[in-house]
Amino acid sequence: IDCLTYLASSIKRKENNLTSEFSEKLKGMKKLVSHSPCNNQHKMLLIEAELAYLKNDFDVAMEKYDEAIIAAKLIGYIHEQAMCNEKAGDFFLSQGNMTR
C-alpha cells in the first residue's frame, strides 16, 4: 500500500522521478509476491499499472489494471477488486475515456 500511496501522489503532482525509498518499498512488495503470490499478485499488478500510468505507457497501464482486477476477483478479494476498479476508473477518466 505504501507503493500505491507514493504513486498516487506522484501521479497527482505529475512527477515521474522514483526515489530510492520507493525502490526499497517495491523490492519489499516483490518479496511478498514471491512468498505469497495468491495474496499479493493483484497488488503488484496494480502497482505496475500505476507505474505505467506515471510513465505515460498507457497501453501497459490498461493491461495491468485489467489483470489486477481479474486477479483480485479470482481470489475473492472484493474490497481489493473495488480498489483496482477505482484506480482504473481514475486512469480512464484522466484519459478522457468516459465509457470504459
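Look up: the structure comes first, before these words.
What counts and how
Residues numbered from 1 in each chain as written. Predicted model: local features only at pLDDT ≥ 70, side-chain atom pairs only at ≥ 80, totals over all residues. Heavy atoms only, no water. Helix = DSSP H or I, 4+ residues; strand = E, 2+ residues; numbered from the N terminus. Contact = heavy atoms within 4.5 Å. Phe/Tyr/Trp six-rings, centres within 6.5 Å; stacked < 30°, edge-to-face > 60°. Buried < 20%, exposed > 50% of the residue type's maximum accessible area, 1.4 Å probe, protein only. Expected span 1.5 Å × (residues − 1). Arc of directions from axis to C-beta. Salt bridge = Lys/Arg side-chain N within 4 Å of Asp/Glu carboxyl O.

Draft legend 1. How the structure looks around the environment of Ser10. Along the polypeptide, Ser10 turns up in helix 1 (residues 2-13). Spatially, the C-alpha atoms of Ser10 and Phe22 are 11 Å apart, while their sequence positions differ by 12 residues. The residues contacting Ser10, other than those within four sequence positions of it, are Glu15 and Leu54.

Draft legend 2. Local environment of the packing of aromatic side chains. Tallied over the entire structure, the rule returns six aromatic pairs. Taken together, a centroid distance of 5.3 Å and an interplanar angle of 35 degrees make the contact between Tyr65 and Phe91 tilted. Highlighted residues: Tyr65 in helix 4 (residues 58-74) and Phe91 in helix 5 (residues 78-94), separated in sequence by 26 residues. The pair Tyr65 / Phe91 is uniform in exposure class, with both members buried. A ring pair is formed by Phe91 and Phe92, whose centres lie 5.1 Å apart and whose planes are at 65 degrees; its orientation type is edge-to-face. Note on accessibility: Phe91 and Phe92 belong to one class, buried. Three or more aromatic residues link up through ring pairs in this structure, and these residues are Tyr53, Phe58, Tyr65, Phe91 and Phe92.

Draft legend 3. Just helix 2 (residues 20-35), in detail. When the terminal C-alpha atoms of helix 2 are compared, their 23 Å separation across 16 residues agrees well with the 22 Å that a helix rising 1.5 Å per residue should span. Buried within helix 2 are the following residues: Phe22, Leu26, Met29 and Val33. Angularly, the buried residues of helix 2 cover 60 degrees about the axis, an arc narrow enough to put them on a single face. Facing away from the buried surface of helix 2 by more than 90 degrees, the exposed residues are Ser20, Glu21, Lys27, Lys31, Ser34 and His35. Residues of helix 2 that are buried in the fold lie against helix 1 and helix 3 (37-54).

Draft legend 4. View of the side chain of His42. As for its placement among the helices and strands, His42 is situated in helix 3. His42 sits in the buried class, given a relative accessible area of 2%. If we ignore the near neighbours within four places in the chain, the residues touching His42 are Ala68, Ala71, Ala72, Ile75, Tyr77 and Glu80.

Draft legend 5. Examining unusual backbone geometry more closely. Even without being glycine, Asn56 reaches a positive phi, approximately 60 degrees. Mapping Asn56 onto the fold places it in the loop between helix 3 and helix 4. Residue classification places Asn56 among the exposed positions, given a relative accessible area of 52%.

Draft legend 6. Quick peek at the environment of Asp59. Residue position: Asp59 is located in helix 4. Note on Asp59: relative accessible area 58%, which makes it exposed.

Draft legend 7. Just the pattern of salt bridges, in detail. All chains considered together, the criterion is met by six salt bridges. Among the salt bridges present, the one from Asp2 reaches Lys25, with a minimum N-O distance of 3.4 Å. Placement of the pair is Asp2 in helix 1 and Lys25 in helix 2, with a sequence separation of 23 residues. Taking the relative accessible area as the measure of exposure, Lys25 reaches 30% and is therefore partly exposed. Note that Lys27 and Glu24 form a salt bridge whose closest N and O atoms lie 3.3 Å from each other. With a gap of three residues between them, Lys27 and Glu24 both fall in helix 2, about one helical turn apart.

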